[in-house]
Amino acid sequence: MEKFILKGGKKLQGEVFVSVAKNSILPIIAATILSGSKCTIENAPELEDVYVICDLLKSINVKADFKEGSIYLDSSCMVGNEEPDSELVRKMRASFLIMGPMLSRFGRVKISLPGGCNIGSRPIDLHLKGFKALGATIDLGHGFVEAKADKLRGGSIYLDFPSVGATENIMMAAVLADGDTIIENAAEEPEIKDLANFLVKMGAIISGAGTDTIIIKGVKQLKGVSYTPIFDRIEAGTYMVAGALTNSNIKIVGAEEENLRSLIAKLIECGVKLEIGQGFIIINGHDGLSPIDIKTMPYPGFPTDMQSPMMSLMCLAQGTSIVTETVFENRFMHASELKRMGANIKIDGRCAVIEGIKSFSGCNVKATDLRAGAALILAGLVAEGTTTIEDIYHIDRGYVCIEKKLKKLGANIERIQV
Ligand code: EPZ
């Protein structure tokens, strides 16, 4: 088992380079199935979740080689009756994103129902609603879901919630359907646009990605291509908060203003000084943190994935801050770990009331999920004394070599085997 050991109090300096986005590369790797050919995904981040989805594709006869920063995929040997490895599907929710491409290309797919996870039940009803609107029949039973259609046909779907995964899965199911598909109340996240750009490069006809209405004109075939996904706005945001928390001057290379507007607005609101450049953002510390209120919303609202890192910052703002989590039903587990470090947080349903404290005190804590783990690292950077973080496998799912990137900025953090 591995742990992170942090000794707080060090200022950070220099620059950190953001990696390609986990939440972009995962649906894009799934989408390569649609080509029935060779695809290369460049600048791929060495993340646990990327290895898992490559293993999942290998379980359905796709060649997937991750070498020298690129992933070489070849789905030409798929025959269509493959059943994805259930263990892998249950291990990572994003595995469910292969359902749309398999249904689209072969007219059938049988896959294990994805498990829930720590942050919520993570239902799939909107994904299935979309497949049905395209003419598929859905059978559920014995922990599996099977979708079938002689030929998917264009349809219209109004999503009850702008679900990122459902928008992606339906878009991938629609690209080879007969006719036009419209998705209304679609998710608008930058990762949706990135997936659409990849599909269009393969030959799909898609308009409106990145808005709440996406139109897909079905085509006969898609071709294999090379592609480099966008940078990870959540990783970038996490390092921006690291610079703010440690009151440092650091440059985050790869941070894109257009994908981070809500976070930038909130950081400025609480007194953080920053500079926005072309392809980078500089954090210039602060002269004292003011309390603010945050409400997570679908994009372009404040991202739920930045809620826990921002909570660590709010713990040191002098006053009362309120954080409302509207996207997931159980995404405050980091609060109890931060309270072990001295934070003053009261949880009431979807709301967390945070009273500012002078400083965190280092102690043993556990990462409960990916972003909660990031919040604990941030707190450990400024805590008095030593902080030990267990279950750091959660963190490795979404942050490339976080301890190396932080050490390069001057943080005192070590990864140890125990
Ligand atoms: C994606 O998850 C991201 N994961 C999540 O990032 C992110 O937090 C989330 O979008 C919201 O931005 C990837 O892209 C791999 P949703 P996803 O479907 O697609 C409800 C991280 O830390 N819902 O937009 O699963 C659901 O219960 C991860 O990087 C339904 O009700 O999120 C939730 O309340 C965590 N029915 C809300 O929508 C459905 O069929 C948002 O879920 C689907 C979703």
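Bear in mind the structure is a predicted one, so any value in this text is a computation, not a measurement.

## Focus: the layout of surface pockets
In this structure, the second largest pocket spans a volume of roughly 200 Å³. Lining the second largest pocket are 13 residues, and of these Leu 245, His 286, Leu 316, Lys 358 and Val 382 lie nearest its centre. In terms of residue class, the lining of the second largest pocket is built from four nonpolar, six polar and three charged.

## Let's talk about the packing of aromatic side chains
Per the stated rule, a full pass over the model turns up two aromatic pairs. Judged by centre distance (5.4 Å) and plane angle (65 degrees), the rings of Phe 198 and Tyr 227 are edge-to-face. Of the two residues, Phe 198 is situated in helix α7 (residues 190–202) and Tyr 227 in strand β13 (residues 226–227); the sequence distance between them amounts to 29 residues. A relative accessible area of 0% means that Phe 198 is categorised as buried. Given a relative accessible area of 11%, Tyr 227 falls into the buried group. One Lys or Arg, Lys 110, reaches over the ring of Phe 144 and ends 5.3 Å from the middle of that ring. Between Lys 251 and the ring centre of Phe 280, over which it is positioned, the NZ or CZ distance is 4.2 Å.

## Examining the sheet that holds strand β18 (residues 320–324)
The four strands are arranged β17-β18-β20-β19 in an open sheet whose pairing can be described as mixed. On the outer flanks of this sheet lie β17 (293–295) and β19 (344–348), each paired with one strand and no other. Strand-to-strand twist of the sheet, defined as the mean angle between neighbouring strand axes without regard to direction, takes the value 15 degrees.

## Considering empty space enclosed by the protein
Here the structure, examined in full by the defined rule, presents two cavities of 30 Å³ or more. By volume, the largest cavity is sized at about 40 Å³. For the largest cavity, the full set of lining residues is Arg 233, Ile 234, Asn 259, Leu 260, Ser 262, Leu 263, Tyr 299, Gly 301 and Pro 303. Elements supplying a minimum of two residues to the lining of the largest cavity: α8 (233–245) and α9 (261–269). When the residues that make up the lining of the largest cavity are grouped by side-chain class, the tally is five nonpolar, three polar and one charged. Taken as a whole, the second largest cavity encloses approximately 40 Å³ of empty space. Its residues assigned to classes, the lining of the second largest cavity shows two nonpolar, one polar and four charged.

## Side note on the nonpolar core
Counting 78 residues, the largest nonpolar core has Met 171, Leu 199 and Ile 206 as its most contacted members. When near neighbours in sequence (up to four residues on either side) are disregarded, Met 171 contacts Ile 183, Ile 192, Leu 195, Ala 196, Leu 199, Ile 206, Ile 214 and Ile 216.

## Re the UniProt feature "modified residue: 2-(S-cysteinyl)pyruvic acid O-phosphothioketal" (unreviewed entry) in the protein
Mapped onto this structure's residue numbering, the UniProt feature "modified residue: 2-(S-cysteinyl)pyruvic acid O-phosphothioketal" (unreviewed entry) falls at Cys 117. By the element assignment, Cys 117 lies in the loop between β6 (108–112) and α5 (125–133). On the accessibility criterion, Cys 117 (33% relative accessible area) is partly exposed. Beyond its immediate stretch of four places on either side in the chain, Cys 117 contacts Arg 93 and Arg 122.

## Digging into the side chain of Thr 324
Within the secondary structure layout, Thr 324 lies in strand β18. On the basis of relative accessibility, which here comes to 18%, the residue Thr 324 falls in the buried class. Setting aside its immediate chain neighbours within four residues, Thr 324 contacts Ile 294, Lys 295, Thr 296, Arg 350 and Cys 351.

## Details of the site of the ligand
Taken together, 23 residues surround the ligand, and among them Asp 125, Leu 126, Ser 163, Asp 305 and Val 327 come closest. Measuring from an oxygen atom of the ligand, one finds a side-chain N or O atom of Asp 305 at 2.6 Å. Within the side chain of Arg 331, a nitrogen or oxygen atom sits 3.2 Å from an oxygen atom of the ligand. Within the complex, the protein chains bury 87% of what would otherwise be the 820 Å² of accessible surface of the ligand. If you list the elements that add at least two residues to the shell around the ligand, you get α1 (22–31), α5, α6 (164–174) and α12 (370–382). Per-element tally for the shell around the ligand: the top contributor is α5, with three residues. A breakdown of the residues in the shell around the ligand according to their chemical character gives 10 nonpolar, five polar and eight charged. When residues of the shell around the ligand are assigned to domains, at least three map to each of domain 1 (2–19 + 231–417) and domain 2 (22–227).

## Considerations on the environment of Phe 96
Tracing the backbone shows Phe 96 in the loop between α3 (86–91) and α4 (99–106). Take Phe 96: its relative accessible area is 3%, and that puts it in the buried class. Sequence-wise, Phe 96 and Ile 53 are 43 residues apart; in three dimensions their C-alpha atoms are separated by 10.0 Å. Non-local contacts of Phe 96, meaning those with residues more than four positions away in its chain, are made with Ile 111, Ser 112, Pro 114, Ile 124, His 127, Val 145 and Asn 169.

## Comments concerning α4
With six of eight residues buried, α4 lies mostly within the body of the structure. Here α4 has its buried residues at Met 99, Gly 100, Pro 101, Met 102, Leu 103 and Ser 104. On its buried face, α4 sits against α1, β6, α5, β8 (144–148) and α6. Of the residues flanking the end of α4, it is Gly 107, one or two places downstream, whose phi is positive at about 80 degrees.

## A short note on the UniProt feature "binding site: UDP-N-acetyl-alpha-D-glucosamine" (unreviewed entry) in the protein
UniProt's entry tags Arg 93, Arg 122, Pro 123, Ile 124, Asp 125, Leu 126, Asp 305 and Val 327 with the feature "binding site: UDP-N-acetyl-alpha-D-glucosamine" (unreviewed entry), counted in the numbering of this structure. Tracing the sequence through the fold places Arg 122 in the loop between β6 and α5. Relative to the assigned elements, Val 327 resides in the loop between β18 and α11 (333–340). For Val 327, the contacting residues outside a window of four places in its chain are Phe 161, Thr 296, Met 297, Pro 298, Thr 304 and Arg 350.

Conventions and cut-offs
Residues numbered from 1 in each chain as written. Predicted model: local features only at pLDDT ≥ 70, side-chain atom pairs only at ≥ 80, totals over all residues. Heavy atoms only, no water. 1 Å grid on protein atoms, 1.4 Å probe; cavity = no way out; pocket = protein on both sides within 12 Å on 5 of 7 lines; lining within 4 Å. Points joined across faces, edges and corners; volume = space filled by probe spheres on them. Nonpolar A, V, L, I, M, F, W, Y, C, P; charged D, E, K, R; others polar. Phe/Tyr/Trp six-rings, centres within 6.5 Å; stacked < 30°, edge-to-face > 60°. Helix = DSSP H or I, 4+ residues; strand = E, 2+ residues; numbered from the N terminus. Buried < 20%, exposed > 50% of the residue type's maximum accessible area, 1.4 Å probe, protein only. Lys NZ or Arg CZ within 6 Å of the ring centre and 35° of its normal. Pairing = 2+ DSSP bridges. Axes fitted to C-alpha atoms, helices over the stretch in contact; angles between N-to-C directions. Core = buried A, V, L, I, M, F, W, Y, C linked by side-chain atoms within 4.5 Å. Contact = heavy atoms within 4.5 Å. UniProt positions renumbered as here; feature names shortened; annotations may be inferred. Near = heavy atom within 4 Å. Polar contact = N/O pair within 3.5 Å; in protein donor to acceptor, adjacent residues only side chain to side chain. Areas by Shrake-Rupley, 256 points an atom, 1.4 Å probe, with all protein chains shown as cover. Domains from an automatic or database assignment.

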